[in-house]
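# Structural overview for review
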Amino acid sequence: MQTSSSLVIANKTKKPTASETELEKYAVENLNKHKKGIFRKPVSLAHMLSWTKEPIKKPMLMTRDKEVKREALESFKLIQCYMSDKKLKGFTRETSILELTTRGWKKPKLRDEIFIQLCKQTTDNRRDDSLMKGWEIIAVCLSIFPPTTRFYSYLEGYLYKHLDGNFDTRKVEVSRYASYSMRKLERVLQAGARKGNKKITTEEIELAKRSVFHPSMFGSMLDEVMELQKDRFPDSKIPWVVKTLSNEVIKLGGEKTEGIFRIPGDIDEVNALKVQCDTWMEPSCKDPNVPASLLKLWYRELYEPLIPFELYDRCIECKGTKEALHIVSELPEINRLVLNYFIRFLQKFVREEIVTETKMDENNLAMVMAPNCLRCDSDDPTVIFENARKEMAFVRTLIRELDTSGAAEDFK
């Protein structure tokens, strides 16, 4: 196993946004200076960024916030407890990770400190059980809250250097955790921290841990979602979760609900339904806005958008129906099948008698649903704003003109 604690990043398939020099500069400029021994000798950067069985005496990152200073020391103890590096009175493994993630979720100023503590405790850690638990916490935290944009490059670089398997041990597939965490980092930066006010549950924690080796239906590739369900639904040609949520919207009277797809469902109920779906449970909710919101979230969180990035420019520059339909014909088979199902579902809602009830005509539907199948990869607000109108026009054309009568599956 490679045990270097340096910030060197190897040449891998995806380049990080920051260089090794920039990462080291961040560490030098932002880490607290630690000292040890009776002569108070400075602790080296490498030592500060390596696993320790001892508690830390001050935060890893410089801060003037007294509350963050206090909570940083407590967070480190919670990390040590979960990793079985040190016992913590009143806490078990399960309660320590629940408390740690809750603190990071509720207190944004503490997030970077938690992440750098986890980087420290998973560096030069020769105890496999401890190492595995440390990487579990990283994966769980990135499922719930992001680092700051300032710390992003450091964390990205740390994950990146663990992708190639050089840090794997006989018992811990570090590269698998790093790969999963890298994807979660990308998504959580876009989506932001977990929404809602309801407390984080142990079920959410367990789901996030399990998703490292058993991917979630949310935030995955279409092929991965189909692989997940192949034993349960071998004959199904589209994701079970899409059909289930679509049918739930209809079953709960979505076709008679004003503002359907525009008005969000209660976020805590949406979170609970997400956990249910990821454990293959049939939905149990009363408000059609809840499955409608989760359905939009599923499309929006796909690791790669329903209409791939390489076709995005052609979609927004599309001049007419013929060209739009030709683009659809070029989609990979699974994308085309799901898109047909998606558009067929929307076509149910543009019938005149339905629009009278929902007040959601084809323009409204295209506007709120376009971001769920087309994804602009620009960070420029002006470009995003200008493209939104073009995305809407493309989806509206599909709602009007795409023949979905041969869709792989229909609604109940």
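Owing to the predicted nature of the structure, the values given are computational and were not obtained by experimental measurement. (Residues numbered from 1 in each chain as written. Predicted model: local features only at pLDDT ≥ 70, side-chain atom pairs only at ≥ 80, totals over all residues. Heavy atoms only, no water.)

## Re the overall build of the chain
A count of helical and extended segments in the chain gives 19 helices and two strands. Along the first, second and third principal axes, the C-alpha set of the chain runs to 80 × 40 × 40 Å. Across the 412 residues of the chain, 52% fall into the buried class. For the chain, restricting intrachain contacts to residue pairs at least 6 apart in sequence, the fraction spanning at least 24 positions comes to 75%. Just so you have it, the chain exposes about 20400 Å², and 51% of that area is on carbon and sulfur atoms. Charge-centre separation for the chain: the mean point of 69 positive side chains lies 8 Å from the mean point of 62 negative side chains. (Helix = DSSP H or I, 4+ residues; strand = E, 2+ residues; numbered from the N terminus. Buried < 20%, exposed > 50% of the residue type's maximum accessible area, 1.4 Å probe, protein only. Contact = heavy atoms within 4.5 Å. Areas by Shrake-Rupley, 256 points an atom, 1.4 Å probe, with all protein chains shown as cover. Lys, Arg positive; Asp, Glu negative; His and termini not counted. Charge placed at Lys NZ, Arg CZ, Asp CG, Glu CD.)

## Brief notes about the environment of Ala-370
Within the element layout of this structure, Ala-370 appears in the loop between α18 (362–369) and α19 (381–401). Look at Ala-370 and you get buried, because its relative accessible area is 1%. Between the C-alpha atom of Ala-370 and that of Gln-229, which follows or precedes it by 141 residues, the distance is 26 Å.

## Considering the environment of Phe-91
Checked against the element boundaries, Phe-91 lands in the loop between α3 (66–82) and α4 (93–106). Measuring from C-alpha to C-alpha, the distance between Phe-91 and Tyr-303 comes to 36 Å, with 212 residues separating the pair along the chain.

## So, the packing of aromatic side chains
One pass over the full model with this rule turns up 12 aromatic pairs. Seen from their ring centres, Phe-151 and Tyr-154 are 5.2 Å apart, and the 25° between their planes marks the pair as stacked. Residue Phe-151 and its partner Tyr-154 are located together in helix α7 (residues 149–160), separated by three residues, close to a single helical turn. We note that Phe-151, like Tyr-154, is buried. (Phe/Tyr/Trp six-rings, centres within 6.5 Å; stacked < 30°, edge-to-face > 60°.)

## Remarks on the nonpolar core
Membership of the largest hydrophobic core comes to 62 residues, with the highest contact counts inside it found for Val-241, Phe-261, Trp-298, Leu-306, Ile-307, Leu-339 and Phe-342. Considering each element in turn, this core owes the most residues, nine residues, to helix α16 (residues 333–348). Non-local contacts of Val-241, meaning those with residues more than four positions away in its chain, are made with Met-217, Phe-218, Cys-277 and Trp-298. Core analysis: the second largest hydrophobic core is formed by 54 residues, Ile-97, Trp-105, Tyr-152 and Leu-185 among them. (Core = buried A, V, L, I, M, F, W, Y, C linked by side-chain atoms within 4.5 Å.)

## Remarks on the pattern of salt bridges
Across all of its chains, the model carries 23 salt bridges by this definition. For Arg-70, the salt bridge is made with Glu-74, and the minimal N-O distance between the two is 3.3 Å. Of this pair, Arg-70 and Glu-74 both sit in helix α3, four residues apart, which is roughly one turn of the helix. The closest approach of N and O atoms between Arg-127 and Asp-85, which form a salt bridge, is 2.6 Å. (Salt bridge = Lys/Arg side-chain N within 4 Å of Asp/Glu carboxyl O.)

## Considerations on helix α5 (residues 111–121)
Given 3.6 residues per turn, any residue in an α-helix points the same way as the ones three and four places further on. Along α5, 11 of the 11 residues are buried, which leaves the element largely enclosed by surrounding structure. By the burial criterion, the buried members of α5 are Arg-111, Asp-112, Glu-113, Ile-114, Phe-115, Ile-116, Gln-117, Leu-118, Cys-119, Lys-120 and Gln-121. Where the residues of α5 are buried, they touch α2 (45–48), α3, α4, α6 (128–144) and α7.

## Quick look at the side chain of His-162
Structurally, His-162 can be placed in the loop between α7 and α8 (174–191). A polar side-chain atom of His-162 sits 2.6 Å from the main-chain carbonyl oxygen of Tyr-158. Those residues in contact with His-162, other than ones at most four positions away along the chain, are Trp-135, Phe-167, Val-174, Ser-175 and Ala-178. (Polar contact = N/O pair within 3.5 Å; in protein donor to acceptor, adjacent residues only side chain to side chain.)

## Observations regarding unusual backbone geometry
A positive phi is found at Phe-261, a non-glycine position, where the angle reads about 75°. Looking at the element boundaries, Phe-261 is found in the loop between α11 (240–251) and α12 (267–278). Here Lys-359, not a glycine, exhibits a phi torsion of approximately 60°, which is positive. Within the secondary structure layout, Lys-359 lies in the loop between α17 (352–358) and α18. The exposure class of Lys-359 is partly exposed, given its relative accessible area of 48%.

Any functional reading would require information beyond the geometric quantities listed.
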